[in-house]
Amino acid sequence: MQAFTTIKSTFVPIPMENIDTDQIIPARFLKGTTKEGFGQNLFRDWRYNNDGTPKAGFILNDPSYSGSILVAGKNFGSGSSREHAAWAILDAGFKVVVSSFFADIFKSNALNNGVLPVQVSDEFLVKIFEQDKNATLTIDLPSQTITIDATGEVEKFEISEYKKTCLINGYDDITYLLSLKEEITTFEKGLTR
């Protein structure tokens, strides 16, 4: 996974609630066994017509919106437990998803794949959606804060210390354990047999 501590970026707003994993990545695209290539089908049914042409008006088809932060309405990632939803978001270039509520399984899948889910209050989410397309957000993982740069408004977010350590260092669960190899070896040597 790619390590990060602070991200300052413009963002792509999708002010819709109850976005489920089948809307994020439809089931018919779950045939791949590697994490690559899912980004092109992120929000496929909202993004493309049946003939594969981009739908006018869908925000990911608007080149004036960009950034590594996706901002969505409340209850993001509900539905099935497919890990492919996190893969599609990451493959599309998003490192952070901001919402006022995440489904637990999606949140876990996102963290396990290097995507930071930032849960904010409903009121703070409304303030983000009020910003223009050139506005930026700053996500400071060490201090666990999100800032609306134009207004200076800041809100703290929660993350487990373990997952925070993993994201800051670019660890997955295995590389985290490998990072503790010397400590484990020292501990084992101290055990009496």
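This text gives an overview of the structure that appears in the document.

What counts, and at which threshold
Residues numbered from 1 in each chain as written. Predicted model: local features only at pLDDT ≥ 70, side-chain atom pairs only at ≥ 80, totals over all residues. Heavy atoms only, no water. Helix = DSSP H or I, 4+ residues; strand = E, 2+ residues; numbered from the N terminus. Buried < 20%, exposed > 50% of the residue type's maximum accessible area, 1.4 Å probe, protein only. Phe/Tyr/Trp six-rings, centres within 6.5 Å; stacked < 30°, edge-to-face > 60°. Pairing = 2+ DSSP bridges. Axes fitted to C-alpha atoms, helices over the stretch in contact; angles between N-to-C directions. Right-handed = clockwise from strand over helix to strand, strands pointing away. Polar contact = N/O pair within 3.5 Å; in protein donor to acceptor, adjacent residues only side chain to side chain. Contact = heavy atoms within 4.5 Å. Salt bridge = Lys/Arg side-chain N within 4 Å of Asp/Glu carboxyl O.

## Regarding unusual backbone geometry
Stage number 1. Of note in this structure, Phe43 is not a glycine but carries a positive phi near 55°.
Stage number 2. Residue placement: Phe43 occurs in the loop between α1 (21-24) and α2 (44-47).
Stage number 3. Phi is positive for Gln144, close to 55°, though the residue is something other than glycine.
Stage number 4. With respect to the helices and strands, Gln144 occurs in the loop between β5 (136-140) and β6 (145-148).
Stage number 5. Overall, the relative accessible area of 10% leaves Gln144 in the buried class.

## Things to note about the packing of aromatic side chains
Stage number 1. Tallied over the entire structure, the rule returns nine aromatic pairs.
Stage number 2. Taken together, a centroid distance of 6.1 Å and an interplanar angle of 15° make the contact between Phe102 and Phe106 stacked.
Stage number 3. Look at Phe102 and you get buried, because its relative accessible area is 1%.
Stage number 4. Through a chain of ring-to-ring contacts, three or more aromatic side chains come together here, namely Phe43, Trp46 and Phe58.

## Focus: the sheet that holds strand β2 (residues 69-72)
Stage number 1. Strand order in the open sheet formed by seven strands is β4-β3-β2-β1-β5-β6-β7, with mixed pairing between adjacent strands. Edge positions in the open sheet fall to β4 (116-119) and β7 (153-156), since each of these has one partner strand only. Taken pair by pair, the neighbouring strands of this sheet meet at an average axis angle of 30°, ignoring direction.
Stage number 2. By the bridge criterion, three bridges tie β2 to strand β3 (residues 96-99) in an arrangement that is parallel. Considered in β3, the bridge of Val71 is made with Val98.

## Details of the pairing of β2
Stage number 1. By the alternation rule, side chains of β2 split into Ile69 and Val71 and Leu70 and Ala72, which are all buried.
Stage number 2. Looking at chain direction, strand β1 (residues 6-14) and β2 are connected through four bridges and run parallel. When the bridges of β2 are listed, Val12 appears paired with Leu70.
Stage number 3. Regarding the hand of the β-α-β motif, the stretch spanning β2, helix α3 (residues 84-91) and β3 is right-handed.

## Side note on the side chain of Ser99
Stage number 1. Relative to the helices and strands, Ser99 is located in strand β3.
Stage number 2. At 2.7 Å, the side chain of Ser99 and the backbone oxygen of Gly73 are in polar contact.
Stage number 3. Apart from the residues lying within four places of it in its own chain, the contact partners of Ser99 are Ala72, Gly73, Lys74, Asn75, Phe76, Val118, Gln119, Val120 and Leu125.

## Looking at the pattern of salt bridges
Stage number 1. Within the structure shown, the criterion is met by five salt bridges.
Stage number 2. A salt bridge links Lys163 to Asp173, with the nearest nitrogen and oxygen atoms 3.4 Å apart. A residue pair is termed long-range when its members are at least 10 positions apart, and Lys163 in helix α6 (residues 161-169) and Asp173 in helix α7 (residues 173-179) qualify at ten residues.

## Looking at the environment of Ile69
Stage number 1. By the secondary structure assignment, Ile69 is in strand β2.
Stage number 2. Owing to a relative accessible area of 0%, Ile69 belongs among the buried residues under this scheme.
Stage number 3. Separated by 51 residues in sequence, Ile69 and Val120 have C-alpha atoms that sit 14 Å apart.
Stage number 4. Residue contacts for Ile69: discarding those within four places in its chain leaves Ile7, Ser9, Thr10, Phe11, Val12, Phe94, Val96, Val98, Leu137 and Ile139.

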